[in-house]
Amino acid sequence: MKTKKLLSMLIAFTVVFAVFTACQSDQSDEPLQEEGKISPEILAKLDAAYFDTSTAFETNFMGEDGVAVEDMFFTYAQIDELQPVDPLAKHYRTRNIVDALPRVITISVDPDLGTIGSDALDETIQMYNDLNLRISFTRVTFGLRGRNKADIEVTEFYELESGGFITLGRAAGFPSRRGDPAKGFGINSRWFELSIAPNVSELAGTMVHEIGHCIGLRHTDYQTRESCGVNINEGSAGVGAIHIAGTPTDSDFSSIMQSCGPAIDFNNNDITALEALY
């Protein structure tokens, strides 16, 4: 039996092992990801912002220390800025978005992600640029410094499965108060080792999702994360979760910004949201 048929693919972010126990015979010796312990004070701040902290852990990501929670990463300074929010709010973008429009955003990809990472980034850039928004993307060399450094860097990280889930991508926050995109996101190369390893389009779908976070898009089912088979309210996470006019106020199961996939392309509501913002 093909493992891929037994697993539910979650494009951006997390893959749920829908029948993890049944499939574990081929991976029974694989250790689970060890999670760093988080102080009660940090957990309280994340809980107050209505993030699901059940699988959160401390880590160093893109050169900074902080906490990985869901498919996001926040530094301790960002966590200190989180505010308690109304868990019943229904919105879809952050308060901060990219400004100084029209704007070309540079983006680069870690060579450690190989040819598939390079090809997927090219496809991702094309998908966004085909929308003719007031933001566009152009690729630059990875690892540049100073003013030449990419606005968004796509890095590689390695993280094992935990609790029946594997995180595919992780964004380094949302746009800054200055109107710049988040500095990047990571792709979990552990995904490449599994029987559900991505093709170029699947990896591009994950990149598109994570760029969505970098430019200010929240999960379209942030109220419940029901696309992941759970019912958890993320709240506004202290960064705002403002409904974008013309888009649904409930879950949109074909949106590329669902908490869990398997979308690999924008649907009409995704395009409406991006056109409204950019």
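Just so you know, these numbers come straight off a predicted model, no measurement behind them.

A.B. asks: Requested: an account of the packing of helix α5 (residues 114-129) against helix α6 (residues 200-214), with residues and values cited.
C.D. replies: Two elements in contact, α5 and α6, have axes whose closest approach is 8 Å; the angle formed by their N-to-C orientations is 55°. Considered as vectors, α5 and α6 are oriented oblique to each other. In this structure, α5 crosses over α6, and the sense of that crossing is right-handed. Between α5 and α6, the residues in contact are I116, G117, D119, A120, L121, E123, T124, M127 and Y128 and V200, S201, L203, A204, M207, V208, I211 and G212, respectively. Classifying every residue of the contact of α5 with α6 gives eleven nonpolar, four polar and two charged.

A.B. asks: Which residues make up the side chain of N188, and what are the values?
C.D. replies: Mapped onto the elements, N188 comes out in strand β10 (residues 184-188). Discounting chain neighbours no more than four positions away, the residues touching N188 are F157, Y158, E159, I166, T167 and L168.

A.B. asks: Break down the nonpolar core for me, citing the residues and quoting the values.
C.D. replies: The biggest cluster of nonpolar side chains holds 51 residues, and the ones touching the most others in it are F137, V154, F185 and I215. Top contributing element to this core by residue count: α6, with six residues. Setting aside anything within four residues of it in sequence, one finds V154 in contact with I107, S108, V109, D110, L113, L121, F142, F185, I187 and M207. Within the second largest apolar cluster, five residues are counted, among which are F61, M62, F157 and A172.

A.B. asks: Summarise the pairing of strand β5 (residues 103-109); cite the residues concerned and give the values.
C.D. replies: In terms of burial, β5 is a largely internal element, six of the seven residues being buried. Two strands pair when backbone bridges link them, and β5 and strand β6 (residues 135-139) are joined in this way by five bridges, in the parallel orientation. Note that in β6 the partner of R103 across the bridge is I135. Each parallel crossover has a hand, and the one from β5 via α5 to β6 is right-handed. Summarising the sheet, β5 and strand β7 (residues 152-157) pair through three bridges and their orientation is parallel. Note on β7: the bridge partner recorded for V109 is V154.

Scoring rules and cut-offs
Throughout, a residue's number is its position along its own chain's written sequence, starting from 1. Selection of residues for local features in this predicted model requires a pLDDT of at least 70, selection of side-chain atom pairs for listing and counting requires 80 or more, and totals for whole chains, interfaces and linings are taken over all residues. Side-chain figures throughout are based on the complete set of non-hydrogen atoms in the structure, without hydrogens or water. Here, axes are lines fitted to C-alpha atoms. For helices the fit covers the stretch in contact, and angles between N-to-C directions go from 0 to 180 degrees. Think of it this way: any DSSP run of H or I at least four residues long counts as a helix, any run of E at least two long counts as a strand, and we number them from the N terminus. Angles below 35 degrees are treated as roughly parallel, those above 145 as roughly antiparallel, those between 65 and 115 as roughly perpendicular, and all remaining angles as oblique. Take the far helix as the reference: if the near one is turned anticlockwise from it by less than a right angle, the crossing is left-handed, and if turned clockwise, right-handed. The contact criterion used is simple: two residues touch if any of their non-hydrogen atoms lie within 4.5 Å. Side-chain classes follow a simple rule in which Ala, Val, Leu, Ile, Met, Phe, Trp, Tyr, Cys and Pro form the nonpolar group, Asp, Glu, Lys and Arg form the charged group, and the remainder, Gly included, forms the polar group. Here, nonpolar core refers to any group of buried Ala, Val, Leu, Ile, Met, Phe, Trp, Tyr and Cys residues whose side-chain atoms link them within 4.5 Å. Buried, partly exposed and exposed residues are distinguished by accessible area as a fraction of the type maximum, computed with a 1.4 Å probe on protein chains only: under 20%, between the cut-offs, and over 50%, respectively. Think of it this way: DSSP has to see at least two bridges between two strands before they count as a pair. Place the viewer so that the strands point away; then a crossover is right-handed whenever the path from the first strand over the helix to the second strand goes clockwise.

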